[in-house]
Structure formats: structure tokens, C-alpha cells
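# Breakdown of the fold
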Amino acid sequence: MLDYQRDFLDLALARRVLRFGEFTLKSGRVSPYFFNAGMIDSGASLRRLGSAYAAAANGAGIEYDMLFGPAYKGIALAAATAIALAADHDRDIPFAFNRKEAKTHGEGGQLIGAPLAGRVLIVDDVITAGTAIRESLQLIAAHGATAVGVLIALDRQERGQGALSAAQEVTAEFGIPVVAIARLADLLTLTAERPELAQQQERLARYRSEYGV
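You'll find the chain entered in an unreviewed UniProt entry as Orotate phosphoribosyltransferase, with Tahibacter soli given as the organism. The UniProt entry for the chain carries the following comment under Function (unreviewed entry): "Catalyzes the transfer of a ribosyl phosphate group from 5-phosphoribose 1-diphosphate to orotate, leading to the formation of orotidine monophosphate (OMP)." Taken verbatim from the UniProt record of the chain, the Sequence similarities (unreviewed entry) comment is "Belongs to the purine/pyrimidine phosphoribosyltransferase family. PyrE subfamily."

## A word on the overall build of the chain
Across its full length, the chain holds 7 helices and 8 strands. For a compact globule of 213 residues, the expected C-alpha radius of gyration is about 17 Å, and the chain comes in at 17 Å, within 12% of that figure. Dimensions of the chain, computed from the C-alpha atoms along their principal axes, are close to 55 × 40 × 35 Å. Expressed as a percentage of the 213 residues in the chain, the buried residues total 45%. In the chain, the proportion of contacts linking residues at least 24 apart, taken out of those at least 6 apart, comes to 69%. Measuring between centres, the 22 positive side-chain charges of the chain sit 4 Å from its 24 negative side-chain charges.

## With respect to the pairing of strand 2 (residues 30-35)
The two faces of a sheet get side chains in turn, since along a regular strand they alternate between them. Inspection of the sheet shows strand 1 (residues 18-24) paired to strand 2 by 5 bridges, in the antiparallel sense. Following the sheet pairing, Leu-18 is matched in strand 2 by Phe-35. Between the end of strand 1 and the start of strand 2, which pair antiparallel, lie 5 residues, with Gly-28 showing a positive phi angle near 95°.

## Focus on the packing of helix 1 (residues 3-14) against helix 2 (residues 43-58)
Helix packing for two helices is described by the angle between their axes and how far apart those axes are. The geometry of helix 1 relative to helix 2 is characterised by a closest axis approach of 9 Å and an angle of 145° between their N-to-C directions. Our pair here, helix 1 against helix 2, has a crossing hand that is left-handed. Packed against helix 1, whose contacting residues are Tyr-4, Asp-7, Phe-8, Asp-10 and Leu-11, the element helix 2 presents Ser-45, Arg-48, Leu-49, Ala-52, Ala-55 and Ala-56 at the interface. Residue composition of the contact of helix 1 with helix 2, grouped by class: 7 nonpolar, 1 polar and 3 charged.

## Some details on the environment of Gln-157
As for its position among the elements, Gln-157 is in the loop between strand 7 (146-155) and helix 5 (166-174). Measuring from C-alpha to C-alpha, the distance between Gln-157 and Arg-194 comes to 21 Å, with 37 residues separating the pair along the chain. Reaching out from Gln-157, the side chain makes a polar contact with the backbone nitrogen of Ala-185 at a distance of 2.9 Å.

## Observations regarding helix 4 (residues 131-142)
Taking 1.5 Å as the rise per residue, helix 4 with 12 residues should run 16 Å; its terminal C-alpha atoms sit 17 Å apart, in good agreement. Taken together, the buried positions of helix 4 are occupied by Ile-133, Ser-136, Leu-137, Leu-139 and Ile-140. Looking straight down helix 4, one finds that the buried residues subtend no more than 165° of arc, so they occupy a single side. Facing away from the buried side of helix 4 by over 90 degrees, the exposed positions are Gln-138, Ala-141 and Ala-142. Immediately downstream of helix 4, the backbone of Gly-144 shows phi near 80°, a positive value.

## Notes on the UniProt feature "binding site: orotate" (unreviewed entry) in the chain
Under the UniProt annotation, "binding site: orotate" (unreviewed entry) lies at Phe-34, Phe-35, Thr-128 and Arg-156. Taken along the chain, the residues just named run across 123 residues; in space they keep tight, none of their C-alpha pairs more than 12.5 Å apart. Taking relative accessible area as the criterion, Phe-34 reaches 30% and is therefore assigned partly exposed. Setting aside residues up to four positions removed in sequence, Phe-34 forms contacts with Val-17, Leu-18, Arg-19, Phe-23 and Leu-25. Along the chain, Thr-128 falls in the loop between strand 6 (119-123) and helix 4.

Reading the values: rules and limits
Residues numbered from 1 in each chain as written. Predicted model: local features only at pLDDT ≥ 70, side-chain atom pairs only at ≥ 80, totals over all residues. Heavy atoms only, no water. UniProt positions renumbered as here; feature names shortened; annotations may be inferred. Helix = DSSP H or I, 4+ residues; strand = E, 2+ residues; numbered from the N terminus. Rg over C-alpha atoms; globule rule 2.2 N^0.38 Å. Buried < 20%, exposed > 50% of the residue type's maximum accessible area, 1.4 Å probe, protein only. Contact = heavy atoms within 4.5 Å. Lys, Arg positive; Asp, Glu negative; His and termini not counted. Charge placed at Lys NZ, Arg CZ, Asp CG, Glu CD. Pairing = 2+ DSSP bridges. Axes fitted to C-alpha atoms, helices over the stretch in contact; angles between N-to-C directions. Left-handed = near helix turned anticlockwise from the far one by under 90°. Nonpolar A, V, L, I, M, F, W, Y, C, P; charged D, E, K, R; others polar. Polar contact = N/O pair within 3.5 Å; in protein donor to acceptor, adjacent residues only side chain to side chain. Expected span 1.5 Å × (residues − 1). Arc of directions from axis to C-beta.

Here it is as C-alpha cells:
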């Protein structure tokens, strides 16, 4: 793993973004871990998370002109990523996000921030059913811009409705890459390296064997 991936997983564990136990997912599967980026609720932790997103974006090999954060979690994530790109990588990248419902008064409209234009990198926390990503792609296309990739925090690397994972389904359907700061494979590596997490290794490996891609 790269340094930013380790720092991201350390942050996720420290802030209880990533928890171990038994969690029933929407799919009905009982997962040995749960990830919730909404637990990032302080300036210092959001700064570290933004730095991890920026490092992943910088190393992805994707050419992009701006960031887009789907409401609601994607709003803070896109902003934090843009700040970190400027601070850590000397890239001043515009960003935008959407309202859940279009505003009918004042400046009106559905978008806040920079106009959607050029090559757009979508920033979100995870991909589950892919609904938010599909809505984002439609919005981006409607404004004449082009989505070139999706940047997420964690790829669970498990099957969706078929043989592919949710991330793989997005790539297969829309032809754009999905880049994750970390994946289940990285979490397995971390639990193998840390004695205090060793008890989670077998459960994670068993879950991946049953549902992984």
C-alpha cells in the first residue's frame, strides 16, 4: 500500500468511519465491516481525507478539468479534494455540486459552484447501487460536459446484482474508470500487518471469498 492509503485507513479506523462487527447491508448480506464517511466530522479529519482523495486523483492517470460532488456527502468531499489538490499538488481545480431539488428563487438552478464544463471527475464516498453516479452522469451530460471518471473512498470489491462489483458495473456501462483511495484488498493487507486487527483477517477473507470479485 501507498502512504496515503495507510493514512486513510488509519483515519477511518480512528474516526470510526470503518468499523468491524456484524452489519446487515441493504443487499441482505451480513458484512464483517461497515464504512460510513459521514463520521468524518471535524476540520482536521476532513483535511486528511481530502489529502487522500487528492493523492488518489493525482496518481490515477486521469485527465480532468474540474470536480463534481453529488449531494450530499459528495459536496464536502469534492470541496476537500479541491483544497488538497491546491495545497498538496499545486493544482487549482474548480468544483461544483448539485442541489437535491432545483432552487426556484434567487439565482435558481440545480448547480452551485463552477459551471460544468470540460472533463469532469466525480467525487463521492462509495458506490452501492450506482444511483447517485447515474444521476451525476446525466446532469454532467445535460450541461455539455464529459464525465471522465469516478473517485471514491473505498471499493468493497464485492459482487452487485451479477458477477461484477458496483464499481465494475459503472465502468462496464459507462466506459469510465472508478478510482478508489483503498479497496477491500488493502484492508485485508492492513489486518494482516496489524496484530490488533488480526482477529478480523479471517472474517474479512471469508466474506471476500463468498462475495468478492
